[in-house]
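Spelled out, the chains give:
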Amino acid sequence: MKKLFIALLCLLAVKSAVAQKDLLSIDEHNKYIYYQVVQQPGLTVDTFQNRTAYFLKVDYPKNKVNKSEATESITGTGKLLMLTGITAAKHIDGEIRYTFNIEYKDQKYRYWLTDFVFTPYYVDRYGNSVPQPGIDIALENGASKLEKGQLNNYSIQISNYSKQFGDRLKQYMLMVSAAPIKNDKKKVITSKDW
């Protein structure tokens, strides 16, 4: 009975890992992409813009947001660390840099994460994990430059991160008021007007 239960758990774990990997797709430029379109009836472009800016400021403060004149979109770059090893002994294997785009129209918005580039880490003489200079591997070219197990592990981690990014964005878009309104005006009492 125990063997059957363990085999069933392993089968479910493999099935969920494969399902997470399938979240990444290939776009028309042959790059991996995580792409979603979300309908939000009753919300305007200004509301989406304010809530997106607040979301990036609060949840992803280290992401770099590109300043643009377009009010219908926000673009930027970010990075996430790739971990390897068993649960008790995980270590940083590298980092993935990506670009994100969030565009909105009245009553709907879309977002995507793409341009995933892997930079391996090494341990320097002080025992710190630091990026190896000059080595950048696009995820699309990872099959020729990374081991198959590494590439699968990175794809699963990227998929999980992308899904988490999208879920958090959806939560912020559903908030009634994303940013608290600050009233910086001080009430001045004058004795002349009574």
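Attention in this report is confined to the structure presented alongside it. Just so you know, these numbers come straight off a predicted model, no measurement behind them.

With that settled, consider the pairing of strand β2 (residues 32-39). Here 2 bridges tie strand β1 (residues 25-26) to β2, and the two strands are oriented antiparallel to one another. If you follow serine 25 over to β2, its bridge partner there is isoleucine 33. Hairpin geometry of β1 and β2 is characterised by an intervening segment of 5 residues between the two adjacent antiparallel strands and by a positive phi of about 60° at asparagine 30. Strand direction decides the pairing type here: β2 and strand β6 (residues 108-123), joined by 7 bridges, are antiparallel. Residue pairing in the sheet places tyrosine 34 in a bridge with leucine 113 of β6.

Close contact between helix α2 (residues 45-59) and helix α4 (residues 148-174) brings their axes to 9 Å; oriented N to C, the two are set at 130°. By the criterion of interaxial angle, the relationship of α2 to α4 is oblique. Of the two elements, α2 crosses α4, and the hand of that crossing is right-handed. Residue-level contacts link Phe48, Arg51, Thr52, Tyr54, Phe55, Leu56, Val58 and Asp59 of α2 to Phe165, Arg168, Leu169, Tyr172, Met173 and Leu174 of α4. Residues that form the contact of α2 with α4 fall into these classes: 10 nonpolar, 1 polar and 3 charged.

About the criteria used
Residues numbered from 1 in each chain as written. Predicted model: local features only at pLDDT ≥ 70, side-chain atom pairs only at ≥ 80, totals over all residues. Heavy atoms only, no water. Pairing = 2+ DSSP bridges. Helix = DSSP H or I, 4+ residues; strand = E, 2+ residues; numbered from the N terminus. Axes fitted to C-alpha atoms, helices over the stretch in contact; angles between N-to-C directions. Parallel < 35°, antiparallel > 145°, perpendicular 65-115°, else oblique. Left-handed = near helix turned anticlockwise from the far one by under 90°. Contact = heavy atoms within 4.5 Å. Nonpolar A, V, L, I, M, F, W, Y, C, P; charged D, E, K, R; others polar.

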